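Tertiary structure, described
The residues making up each chain are set out below.
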Amino acid sequence: MSYPHLFRPLDLGHVTLPNRIMMGSMHTGLEERPDGMQRLAAFYAERARGGAALMVTGGFSPDAAGNLGPHPAMMASGADRDRHKVITRAVHEAGGRICLQLLHAGRYGKHPAIVAPSALKSPINPIVPREMTAAEIERTLDAFGASAALAREAGYDGVEVMGSEGYLITQFLAPRTNQRADDWGGSLANRMRFALEAVRRTRAAVGADFILVYRISALELVEGGLPGEEIVQLAKGVEAAGASLLNTGIGWHEARIPTISQAVPRGGFAWATRRLRNAVKIPLIASNRINAPEVGEQILARGDADMVSLARALLADAEFANKAKAGDRAAINICIACNQACLDHIFVGRFASCLVNPRAGRETKLVFEKTSNRKNIAVIGGGPAGLCFAAIAAERGHAVTLYEKDAQLGGQFNLAKKIPGKQEFAESVAYFAERLRRAGVEVMLNTIPSSDTLKNYDEVVLATGVDARRPAIPGLEHPSVVGYADVLAGRAEVGEKVAIIGMGGIGFDVALYLLERSSRATLDPQAFLSHWGISPSGSLSQPAPAAPAHRITMLKRSSTPFGDTLGKTTGWVHRAELARNGVKMLKGVEYRRIDDAGLHIALDGKEQLVPADTVILCAGQVSRRAIEAPHVIGGAREAGELDAKRAMLEGAELAARL
Ligand code: NAP
Ligand code: SF4
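Summary of the structure given here. Within every chain, residues take consecutive numbers counted from 1 along the sequence as written. Labels follow written order: the first chain is A, the first ligand is 1, and so on. Only residues with pLDDT of at least 70 get local features here, since the model is predicted, and only at 80 or more are side-chain atom pairs given and counted; chain-wide, interface and lining totals rely on the full set of residues. In computing side-chain values, all of the structure's heavy atoms are included and hydrogens and water are not.

Elements are defined by DSSP. Helices are runs of H or I of four residues or more, strands are runs of E of two residues or more, and each kind is numbered from the N terminus. Scanning the protein from terminus to terminus reveals 20 helices and 27 strands. The size measure is the radius of gyration over C-alpha atoms, and the globule rule it meets is 2.2 Å times the number of residues to the 0.38 power. Taking 658 residues into account, the globule formula puts the C-alpha radius of gyration at 26 Å, and the protein, at 26 Å, falls close to it. The principal-axis extents of the C-alpha atoms in the protein amount to approximately 75 × 65 × 45 Å. By residue count, 61% of the 658 residues in the protein fall in the buried class. Working note: accessible area of the protein is about 25000 Å², and carbon and sulfur atoms make up 51% of it. Two residue types count as positive, namely Lys and Arg, and two as negative, namely Asp and Glu; His and chain ends fall outside the count. For charged residues, the charge sits on one atom: NZ in Lys, CZ in Arg, CG in Asp, CD in Glu. The centroid of the 77 positive side-chain charges in the protein is displaced by 0 Å from the centroid of its 69 negative side-chain charges. Classification of residues uses two cut-offs on accessible area relative to the type maximum, computed with a 1.4 Å probe and protein chains only: under 20% is buried, over 50% is exposed, and between them is partly exposed. To be clear on the numbers: accessible area is Shrake-Rupley with a 1.4 Å probe, and residue cover counts the displayed protein chains and nothing else.

Around ligand 2 lies a shell formed by Arg312, Leu315, Cys335, Ile336, Ala337, Cys338, Asn339, Ala341, Cys342, Cys354 and Leu355. Each residue is assigned to one of three groups, with Ala, Val, Leu, Ile, Met, Phe, Trp, Tyr, Cys and Pro labelled nonpolar, Asp, Glu, Lys and Arg labelled charged, and all others, Gly among them, labelled polar. Classifying every residue of the shell around ligand 2 gives nine nonpolar, one polar and one charged. Residues are classed as near a molecule or strand on a simple rule: at least one heavy atom within 4 Å of it.

Where charged atoms from two side chains of opposite charge come close, those side chains can pair. By convention in these notes, a salt bridge is any Lys or Arg side-chain nitrogen within 4 Å of a carboxyl oxygen on Asp or Glu. Under the defined criterion, the tally for this structure stands at 49 salt bridges. Residue Asp182 pairs with Arg180 through a salt bridge whose shortest N-O separation is 2.8 Å. You can call Arg180 buried: its relative accessible area is 8%. Close ionic contact of Asp406 with Lys405 constitutes a salt bridge, the shortest N to O distance being 3.3 Å. Exposure remark for Asp406: the relative accessible area of 37% places this residue in the partly exposed category. Among the ionic contacts, a cluster of salt bridges with common partners joins Arg266, Arg289, Glu294, Arg329, Glu424 and Glu427.

As for its placement among the helices and strands, Glu153 is situated in helix H3 (residues 134-153). For Glu153, the residues in contact, after removing those within four places along its chain, are Arg81 and Lys85. A polar contact is formed between the side chain of Glu153 and the side chain of Arg81, at a distance of 2.8 Å. Contacts are assigned to residue pairs with any non-hydrogen atoms lying within 4.5 Å of each other. For the purposes of these results, a polar contact is taken to be a pair of N or O atoms within 3.5 Å, where, inside protein, one atom must be able to donate a hydrogen and its partner to accept one; residues adjacent in sequence count only when each atom of the pair is a side-chain atom.

A helix is expected to span 1.5 Å for every residue after the first. Between its first and last C-alpha atoms helix H5 (residues 188-206) spans 27 Å; for 19 residues at 1.5 Å apiece the expected length is 27 Å, and the two agree. Immediately beyond the C-terminal end of H5, within one or two residues, lies Gly207, with a positive phi of roughly 85°.

Counting 133 residues, the largest nonpolar core has Ile87, Tyr214, Leu234, Leu246 and Phe389 as its most contacted members. By residue number, the principal contributor to this core is helix H12 (residues 384-395), which donates nine residues. Either an automatic procedure or a domain database provided the assignment from which the domain bounds are taken. Formed jointly, this core draws a minimum of three residues from each of two domains, domain 1 (10-347) and domain 2 (376-463 + 624-657). Ignoring any residue separated from it by four or fewer positions in sequence, one finds Ile87 in contact with Met37, Leu40, Ala41, Tyr44, Ile98 and Tyr156. Throughout, nonpolar core names a set of buried Ala, Val, Leu, Ile, Met, Phe, Trp, Tyr and Cys residues whose side chains join them through atoms within 4.5 Å. Core analysis: the second largest hydrophobic core is formed by 26 residues, Ala492, Tyr513, Leu514 and Met585 among them.

Turning to the pairing of strand E9 (residues 211-219), a few remarks are in order. Counting buried residues in E9 gives nine out of nine residues, a clear majority hidden from the surface. Bridge count for strand E8 (residues 158-163) against E9 is six bridges, and the pairing is parallel. If you follow Gly163 over to E9, its bridge partner there is Ile216. We treat two strands as partners when DSSP finds at least two bridges between them. Two elements, E9 and strand E10 (residues 245-250), share six bridges in a ladder whose sense is parallel.

Attention now moves to unusual backbone geometry. Despite not being glycine, Asn288 has its phi angle at roughly 80°, a positive value. Following the sequence through the fold, Asn288 ends up in the loop between strand E11 (284-286) and helix H8 (293-302).

For the rest of this paragraph, the subject is the packing of H3 against H5. Axis lines are fitted through C-alpha atoms, for helices just across the contact stretch, and the angle between N-to-C directions can take any value from 0 to 180 degrees. Running from N to C, H3 and H5 point in directions that differ by 35°, and their axes come no closer than 8 Å. Seen along the crossing, H3 lies across H5 with a hand that is right-handed. Taking contact as the criterion, the partners of Ile137, Glu138, Thr140, Leu141, Asp142, Phe144, Gly145, Ala148, Ala149 and Arg152 in H3 are, on H5, Phe194, Glu197, Ala198, Arg201, Thr202, Ala205 and Val206. Of the residues belonging to the contact of H3 with H5, the class tally is nine nonpolar, three polar and five charged. Put simply, a crossing is left-handed when the front helix is turned counterclockwise from the back one by less than a right angle, and right-handed when it is turned clockwise.

Once that is clear, we can look at the sheet that holds E11. The strand order around the closed barrel built from eight strands is E3-E4-E5-E8-E9-E10-E11-E12, with neighbouring strands paired in parallel fashion. Strand-to-strand, the axes of this sheet are offset by a mean angle of 30°, without reference to chain direction. Note: strand E5 (residues 98-102) against E8, four bridges, orientation parallel. In the sheet register, Leu102 faces E8, and the bridge partner there is Val161. Where helix H1 (residues 36-49) meets the sheet, it contacts strand E3 (21-23), strand E4 (54-60) and E5, and its direction lies at approximately 155° from that of E4.

Next up on the list: the side chain of Arg203. Assignment of secondary structure puts Arg203 in helix H5. As a buried residue without a salt bridge, Arg203 has its nearest oppositely charged side chain in Asp209, at a separation of 6.6 Å. Filtering out sequence-adjacent residues up to four positions away, Arg203 remains in contact with Ala208, Phe210, Leu212, Ala241, Gly242, Ala243 and Ser244.

On to the side chain of Arg47. Along the chain, Arg47 falls in helix H1. A residue is classified by how much of its surface remains accessible, and Arg47, at 1% relative accessible area, is buried. In this view, Arg47 contacts Met23, Ala52, Met55, Leu314, Leu315, Ala318, Asn357, Ala360 and Glu363; residues no more than four positions away in its chain are not counted.

Next up on the list: the pairing of strand E22 (residues 589-595). Strand direction decides the pairing type here: E22 and strand E23 (residues 598-603), joined by six bridges, are antiparallel. Each residue of the ladder has a partner; that of Asp595, found in E23, is Gly598. From the end of E22 to the start of E23, which pair antiparallel, there are two residues.

Think of it this way: a Phe, Tyr or Trp ring, Trp meaning its six-membered ring, pairs with another when their centres are within 6.5 Å, and the plane angle makes it stacked under 30 degrees, edge-to-face over 60, tilted otherwise. Summed over the entire model, instances satisfying the criterion amount to 10 aromatic pairs. Measuring from centroid to centroid gives 5.1 Å for Phe43 and Tyr44, while their planes differ by 70°, and the two rings are edge-to-face. According to the relative accessible area criterion, Phe43 is buried, its value standing at 1%. Centre to centre, the rings of Phe172 and Trp184 are 6.5 Å apart; their planes meet at 70°, and the pair counts as edge-to-face. Here Trp184 lies in the loop between helix H4 (168-173) and H5 and Phe172 lies in helix H4, a separation of 12 residues in the sequence. The exposure class assigned to Trp184 is buried, which follows from its relative accessible area of 5%. An aromatic cluster of three or more residues is present, and its members are Phe144, Phe172, Trp184 and Phe194. Placement of a charge over a ring requires the Lys NZ or Arg CZ to be within 6 Å of the ring centre, with the centre-to-atom vector within 35 degrees of the ring normal. Taking NZ or CZ as reference, Arg176 lies 5.8 Å from the ring centre of Trp252, over its face.

Take a look at the structure:
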């Protein structure tokens, strides 16, 4: 077997899991929707059929105060219990097992009735929590037990008590958020009482033959969080209180260190799980950025953990486990840690899906049935939209030919994969190329089809993508002016003083690319830790300032906040990185001209010079549409607000229809 450690059964006493792959908890945004339970049932059942040994739902609160938002996602009544039965039934019919996550948001809740151990506002939430009374604490702990009992009645195989990421239980544990002077604050024993009592009451409510996962914060990544030795004490206490598995979480949501974004190396936090190895006998679960079977296999083989938790990886590919078990690595659609269609959606109230797998979260709506009307289809363009369309259309039974003018498939993905932390895009290109091969798509590289050729097809799909916009600025022909594609492809020399015109996703990407070449090596786990000032004990220090090889000024005409179009969960990492490297940002500028001295602008009515050896154009995109076609998808259809997420979704939706 290719991954022997991943596919060893795990005996939990009353139940044996068939492998070591758990789907970690993800809030999908469906939890609060009227049709959410049906859609979640289909979502989880698909992943159960895909071979995950155990799954954990998104967070459900044991009471109203613990809700994440104004719309309740709770397990607190018989009605809640009954609504969940459709999920557990679907998962069990598919041969899987599922735990309900019990999550009390504490001061992270986005509603007026939030509570916390102390009335201290979180830096990421404007709402100040009310301090819990001792009676309220007792009631909340009882609610954990009652909620777990309801979960059992609903047919769940277990619960996960959420004790990480900065939610209520963590807030009791850490001096940062717990300033109580009673029995629930002060000493470590007092601060641990809430966590241990929550586990004890949960276990008492569900009996011995029920899985009880506790998610411990293995690394806090905030000032005033638990130090490493106290986390070890907590792990021991949690085991004694009745947990059957110890899952690990990394960092509070308010931590200013990336924990799951592309900046984090694969499996880059498994060492924090390993620190608990000698503390407990119950199985340990490692998490964060485990996106490929070989990463999980290495973590288990090294003995860092007994099981691995993959969350987004199973959004990207529901059949991850079955494919890994079959040794078919090339068939796995790898999560590229972009957060664009999953976490970034949650932050703006949309349901989670996946950039590279638009079907995720749409299991009941985006259905790819075999066609009874096989057509000859030409696809022009092998970027994200064309790749996704061609693969699905061919799998449905159509005869598909894909024309790509370049020598390789991938389109804009081939530029994206050169960006620091976006190397994972190379996985997507390789995956789709292989999927096209298996689906029997005829791929014609270096080919632009003639209009005569296209007449031979029943359907023509235009997916030719975008061209970079050339803004009307005098001096644009000056030799110092280069396009972003030339920079990323390594075709352009870039001087020491750089001006970047345009501050969309690509402007930020180009700035990061220039800095990465000189100062970063984030794919190396050790380099990542020192880059962000994380010591082996988990404590934080101010990392040494980098010595950037370029002095960069980024500019835009609008006056909106810098980086406002970047993803909510990744934009701050980019901004922090650029600030650390002394990148200057100017908004509300008017471009005057470009000459030997650099870029001349007007700002607040005053003429200024931005000295520049190189001026890089990142001024957005225009659709590339050489011919008219009945079906136009991705950037060729609409260049504004284009990203690969929309391109892939449009490809998938059209392929489902034709
Ligand atoms: P973009 O996000 O639309 O940004 C274009 C930039 O060019 C803006 O800052 C705009 O600023 C400027 N601009 C537009 N017209 C201009 C003109 N005529 N003259 C001078 N400046 C002009 O486009 P992009 O950066 O090319 O990105 C393309 C797509 O890829 C985006 O939609 C983005 O979502 C996606 N992408 C996303 C990420 C990510 O991290 N999520 C990363 C890379 C790309 P002003 O109009 O204010 O001057
Ligand atoms: Fe992974 Fe991006 Fe898909 Fe989220 S949207 S699951 S981060 S590939």
